[in-house]
Amino acid sequence: MFKRKWLLVFVATFILFCGWLSIGQLNRTASATTTSPYAEMKLFTDVLSIIRSSYVEEVDLKDLIYGGINGMLETLDPHSSFLDPETFKELKTDTSGEFGGLGIEIAIRDDALTIIAP
């Protein structure tokens, strides 16, 4: 009888303790989302730290950060993407300057170059 009473007290205390922990976690999560958007960055930096310290192979920090940025942008829409500095520089070079031309559409018809549309 005495052992049973202590077992019930222990189980009840354990359940209260677990409930207290879960309520505390919910309060921390709720306050983190309402106080500052930078509080959510802690999750990102925690995961980054765990990957760098525990992943099987060494991973470049820049690759992880660029991958995280790419993942964020992919959740927006299919047209948003991240360009690393080198790719952005190449894009600017490819698209800079002047474009000229006649403004016509041409094709080969009957073995002859033909203007299709102005």
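Residues numbered from 1 in each chain as written. Predicted model: local features only at pLDDT ≥ 70, side-chain atom pairs only at ≥ 80, totals over all residues. Heavy atoms only, no water.

When helices and strands are tallied, the protein chain shows four helices and two strands. For the protein chain, the sequential pattern of α-helices and β-strands runs α-α-α-α-β-β. Residue burial in the protein chain is summarised as follows: out of 118 residues, 4% are buried. A separation of at least 24 residues holds for 3% of the contacts in the protein chain among residues at least 6 apart in sequence. For the protein chain, the exposed surface amounts to about 10,900 Å²; the carbon and sulfur share of it is 64%. (Helix = DSSP H or I, 4+ residues; strand = E, 2+ residues; numbered from the N terminus. Buried < 20%, exposed > 50% of the residue type's maximum accessible area, 1.4 Å probe, protein only. Contact = heavy atoms within 4.5 Å. Areas by Shrake-Rupley, 256 points an atom, 1.4 Å probe, with all protein chains shown as cover.)

It is worth spelling out the confidence of the model for the protein chain at this point. When pLDDT is averaged across the protein chain, the result is 76; 65% of the residues are at 70 or more. Mean pLDDT values for the elements of the protein chain range from 55 in helix α1 (residues 2–35) up to 90 in helix α3 (residues 61–74). (pLDDT = per-residue confidence, 0-100.)

The next subject is the packing of helix α2 (residues 41–54) against α3. Relative orientation and spacing of two packed helices are given, respectively, by the angle between their axes and the distance between those axes. Two numbers describe how α2 lies on α3: the axes approach to 11 Å, and their chain directions differ by 140°. As summarised for this structure, α2 and α3 are arranged oblique, according to the angle between their axes. As for the relative orientation of α2 and α3, their crossing is right-handed in sense. Contacts between α2 and α3 involve Phe44, Leu48, Ile51 and Arg52 on the former and, on the latter, Leu61, Leu64, Ile65 and Gly68. Taken together, the residues of the contact of α2 with α3 break down into six nonpolar, one polar and one charged. (Axes fitted to C-alpha atoms, helices over the stretch in contact; angles between N-to-C directions. Parallel < 35°, antiparallel > 145°, perpendicular 65-115°, else oblique. Left-handed = near helix turned anticlockwise from the far one by under 90°. Nonpolar A, V, L, I, M, F, W, Y, C, P; charged D, E, K, R; others polar.)

Another point: the pairing of strand β2 (residues 112–117). Where strand β1 (residues 105–109) and β2 come together, five bridges link them in antiparallel fashion. Bridge pairing in β2 places arginine 109 opposite alanine 112. Here β1 folds back onto β2, and the loop between the two strands holds two residues, one of which, aspartate 110, carries a positive phi near 50°. (Pairing = 2+ DSSP bridges.)

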